[in-house]
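Chain and residue survey
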Amino acid sequence: MKLYDAINEMRRISREGGSFSFSFMSYNSSKNTTEGVVLVPNARLLKRENEKYNRNAEMMERYLNLDTMETRRFWHPLLMTFNNEKIEV
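Residues numbered from 1 in each chain as written. Predicted model: local features only at pLDDT ≥ 70, side-chain atom pairs only at ≥ 80, totals over all residues. Heavy atoms only, no water.

**Looking at the sheet that holds strand 4 (residues 70-75)**
Pairing is antiparallel in the open sheet, where six strands are placed in the order 4-3-2-1-5-6. On the outer flanks of this sheet lie strand 4 and strand 6 (85-86), each paired with one strand and no other. Sheet topology places strand 3 (residues 60-65) next to strand 4; six bridges connect them, and they run antiparallel. Residue pairing across strands places Tyr63 opposite Arg72, the latter belonging to strand 4. Strands strand 1 (20-25), strand 2 (37-45), strand 3, strand 4 and strand 5 (79-82) of the sheet are contacted by helix 1 (residues 3-15), whose axis makes an angle of about 55 degrees with strand 5. (Pairing = 2+ DSSP bridges. Helix = DSSP H or I, 4+ residues; strand = E, 2+ residues; numbered from the N terminus. Contact = heavy atoms within 4.5 Å. Axes fitted to C-alpha atoms, helices over the stretch in contact; angles between N-to-C directions.)

**A few points about the pairing of strand 1**
The element strand 1 is extensively covered by neighbouring structure, given that five of its six residues are classed as buried. Across five bridges, the pairing between strand 1 and strand 2 is antiparallel. Note on strand 2: the bridge partner recorded for Phe22 is Val40. Bridge count for strand 1 against strand 5 is three bridges, and the pairing is antiparallel. Directly across from Phe24, in strand 5, lies its bridge partner Leu79. (Buried < 20%, exposed > 50% of the residue type's maximum accessible area, 1.4 Å probe, protein only.)

**Some details on the nonpolar core**
Among the nonpolar cores identified, the biggest contains 16 residues, and Met10, Phe20, Phe22, Tyr63, Phe74, Leu79 and Phe82 are the most heavily contacted of them. Breaking this core down by element, the ones donating at least two residues are helix 1, strand 1, strand 2 and strand 5. At five residues, the largest contribution of residues to this core is made by helix 1. (Core = buried A, V, L, I, M, F, W, Y, C linked by side-chain atoms within 4.5 Å.)

**With respect to the environment of Phe82**
Along the chain, Phe82 turns up in strand 5. On the basis of relative accessible area, Phe82 is assigned to the buried category, the value being 3%. Distance from Phe82 to Ala6, taken between C-alpha atoms, is 6.6 Å for residues 76 residues apart in sequence. When near neighbours in sequence (up to four residues on either side) are disregarded, Phe82 contacts Met1, Ala6, Glu9, Met10, Ile13, Phe20, Ser21, Phe22 and Ile87.

Next up, the structure:
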């Protein structure tokens, strides 16, 4: 599945109140570090941040982990799977 097709599908599912699974490679740009692959089995995207507050907002998505109720972010290019389907960048 193509990267932006997956993100658009994530947005559609989230708008409709559903959930999905996905995985991505973690990356902390302020520390230039990674903690490896992150698997999120049950998530929903949140409203995108405003570029006024996050200069990288166009390249990131905020999501809610529905198992832990934590709000987190991931970088688009680091998305690896969506509902167990491999992502093509």
